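Results of the structural survey
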Amino acid sequence: MKKLLLTLAFFIAFAPLSASASTQVLMGGNFANGLDLNGLYTLNGEGSTVNNNAAYDNYFPVGGVISNLIFSTNNVPPGGTTTRIVTLLKNGQSTNFLCLVGPAQTSCTDSVHSLTVAAGDRVEMSISRTATPAAVNGFASWSLLFTPTNANDTVILTGANGAAAKTPEAFLIWASFIGSFNSSEPNSEEVFPEGGTLDLFSARSSAAPGAGTSYLYSIFQNAATSSLACYQADTATSCTDAAHSMSVSEGDTFSLSSVATTSPASLIPGFGVRYLPSTAGDFGLFMSSNAATDAAGSTRFFSVTGAQGSATAVEASSTQIANAMTITSMSVKRTSAPGSSKTATYTLRKNGADTALTCSLTGTGSGSGITTNTCSGSVTVSAGDLLNTSVALSS
């Protein structure tokens, strides 16, 4: 058994819906918390049965329209007399989105309604039920489309389900709802599948730091601090850096830093940043695991977005429902090499079968082909397809 930290990123090509706007697929899933209770969830990752609006907000740095909600219980119907009710909240208020999964059903779609968001709006998903379900502790996944007001304005969203640390500096995994801040920057890194520019870094929290205190949030690039930062002080509950930008290249890593000063109040932050990819119309899907475990001679599975603590041997626990798109590359980064004469092979899977998009790391040491790699391909995804990633470590 070899314990490692893993990040995966997928490079997506999506044909523009019109001459003035491009479309991004948002994907999320619930892989750790049971769906037997009512709960709130981020659009791109985990959630909780604790109804804390601030904890599960996705904070949009740009405006646009959210549409085409697809929801799946990963082939486990609620059972009994239970109907699952799925909707979106905007700035803590209900919207007209509505998706119902009946007792014998495993999915639902709302392709009728849409939700307009402005820069600074907060959006989260609400999943409730009409009765105690027969199938408890089930997994679920969902997908939405985001069409920005300005073409190529893709977004990267994240949040924490624990308070920002009051230690001098702590880190959070970007784009993957992973839980609380931690003290290790390498354990918080994710990798870019394509170059581009980050800007409009924004934060919003459940409370203000308090008079004379503050939090400084910043984005790290390749384990070093950058100028892209946001200062939340005194009575402020949000902040935005509209002055700075950061250029990124394929394979660069990024993470999020929080520095507290003068014992600020506990608060739960959410973050958003605009990502302008080098190729207009493209966007990324990001996944990270901070407790992955390889098993030599066997195959394990990961989700394609959000955060999954450990790889699982049960594929149904990792699949995510998707909207239509074409996936054209995969980037992989490990904190440790596979080992002498060993190869770790990562494969995008669709509806329980391998696709042609695969990426391998081999041997000892570090660097390209050993701990990092980017591999190209072309996988057509239809609305309703279930996606995940497999990893096979040779004996």
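The notes below deal with the structure included here. As the structure is a computational prediction, the values presented were derived from the model and not from experiment. (Residues numbered from 1 in each chain as written. Predicted model: local features only at pLDDT ≥ 70, side-chain atom pairs only at ≥ 80, totals over all residues. Heavy atoms only, no water.)

**Brief notes about the environment of serine 298**
Tracing the backbone shows serine 298 in the loop between β22 (282–294) and β23 (299–302). Classification of serine 298 by relative accessible area gives partly exposed; the value is 24%. Setting aside chain neighbours within four positions, we find serine 298 in contact with Val391, Ala392 and Leu393. (Helix = DSSP H or I, 4+ residues; strand = E, 2+ residues; numbered from the N terminus. Buried < 20%, exposed > 50% of the residue type's maximum accessible area, 1.4 Å probe, protein only. Contact = heavy atoms within 4.5 Å.)

**Here we look at the sheet that holds strand β21 (residues 269–277)**
To summarise the sheet geometry, strands pair through backbone hydrogen bonds and adopt either a parallel or an antiparallel arrangement. What the four strands build is an open sheet, ordered β13-β21-β16-β19; its pairing is antiparallel. The sheet terminates laterally at β13 (154–159) and β19 (238–248), the two strands that pair on one side only. Within this sheet the neighbouring strands show an average axis-to-axis angle of 20 degrees, counted without direction. For strand β16 (residues 196–205) and β19, the ladder comprises eight bridges, and the chain directions are antiparallel. Opposite glycine 196, over in β19, you have valine 248 as the bridge partner. (Pairing = 2+ DSSP bridges. Axes fitted to C-alpha atoms, helices over the stretch in contact; angles between N-to-C directions.)

**Some points on the pairing of strand β6 (residues 64–72)**
Of all nine residues in β6, eight are buried; the element is thus mostly enclosed. Note that β6 and strand β10 (residues 107–117) share eight bridges and pair antiparallel. Along β10, the bridge assignment pairs isoleucine 70 with threonine 109. The pairing of β6 with strand β12 (residues 140–148) spans seven bridges and is antiparallel. Within β12, the position partnered with isoleucine 66 by the bridge is phenylalanine 146.

**Quick word on the packing of aromatic side chains**
By the definition in use, this model includes ten aromatic pairs. Pairing phenylalanine 201 with phenylalanine 271 gives two aromatic rings, centres 6.2 Å apart and planes at 15 degrees, and the pair type is stacked. Here phenylalanine 271 lies in strand β21 and phenylalanine 201 lies in strand β16, a separation of 70 residues in the sequence. We note that phenylalanine 201, like phenylalanine 271, is buried. Arranged with centres 5.6 Å apart and planes meeting at 75 degrees, the rings of phenylalanine 254 and phenylalanine 286 form a pair that is edge-to-face. Remark: phenylalanine 286 occurs in strand β22 and phenylalanine 254 occurs in strand β20 (residues 253–261); sequence separation between them is 32 residues. Grouping residues by exposure puts phenylalanine 254 and phenylalanine 286 together as buried. Taken together, Phe192, Phe254, Tyr275 and Phe286 form an aromatic cluster joined through their ring pairs. (Phe/Tyr/Trp six-rings, centres within 6.5 Å; stacked < 30°, edge-to-face > 60°.)

**Observations concerning the pairing of β12**
Of all nine residues in β12, nine are buried, a share of seventy percent or more. Burial of the side chains of β12 extends over both faces: Ala140, Trp142, Leu144, Phe146 and Pro148 are buried on one face and Ser141, Ser143, Leu145 and Thr147 on the other.

**Re the pattern of salt bridges**
Across all of its chains, the model carries five salt bridges by this definition. Arginine 274 is the salt-bridge partner of aspartate 199, the closest N and O atoms lying 2.7 Å from each other. Of the two residues, aspartate 199 sits in strand β16 while arginine 274 sits in strand β21, which places them 75 residues apart along the sequence. Both residues of the pair, aspartate 199 and arginine 274, belong to the buried class. (Salt bridge = Lys/Arg side-chain N within 4 Å of Asp/Glu carboxyl O.)

**Things to note about the sheet that holds β12**
The strand order across the open sheet formed by four strands is β2-β12-β6-β10, and the pairing between neighbours is antiparallel. What marks the edges here is a single partner per strand, and that holds for β2 (24–30) and β10. Between one strand axis and the next, the sheet turns by 20 degrees as a mean value, whatever way the strands run.

**Let's talk about the state of the cysteines**
A full pass over the atoms with the stated rule returns three disulfides. Each sulfur of the disulfide joining cysteine 230 and cysteine 239 lies 1.8 Å from the other. Across the S-S bond of cysteine 230 and cysteine 239 the torsion is about 135 degrees, and the bridge reads as right-handed. Residue classification places cysteine 230 among the buried residues on the basis of a relative accessible area of 2%. With a relative accessible area of 8%, cysteine 239 lands in the buried category. Paired by a disulfide, cysteine 359 and cysteine 375 hold their sulfur atoms 2.1 Å apart. Measuring handedness by torsion sign, the sulfur bridge of cysteine 359 and cysteine 375 sits at about 70 degrees and is right-handed. One end of the pair, cysteine 359, is in strand β28 (residues 353–363); the other, cysteine 375, is in strand β29 (residues 372–381), with 16 residues separating them in the sequence. The two residues cysteine 359 and cysteine 375 agree in class, both being buried. Ordering the disulfide-forming cysteines of the protein chain by sequence position, one finds them joined as 1-2, 3-4, 5-6. (Disulfide = S-S within 2.5 Å.)

**As for the side chain of glutamate 315**
Counting through the fold element by element, glutamate 315 comes out in the loop between β24 (306–307) and β25 (320–321). On the basis of relative accessible area, glutamate 315 is assigned to the buried category, the value being 18%. In terms of polar contacts, glutamate 315 uses its side chain to reach the side chain of arginine 349, at 2.6 Å. Separated by 3.1 Å, the side chains of glutamate 315 and asparagine 388 make a polar contact. With near-sequence residues (within four places) excluded, glutamate 315 lies in contact with Phe301, Arg349, Gly352 and Asn388. (Polar contact = N/O pair within 3.5 Å; in protein donor to acceptor, adjacent residues only side chain to side chain.)

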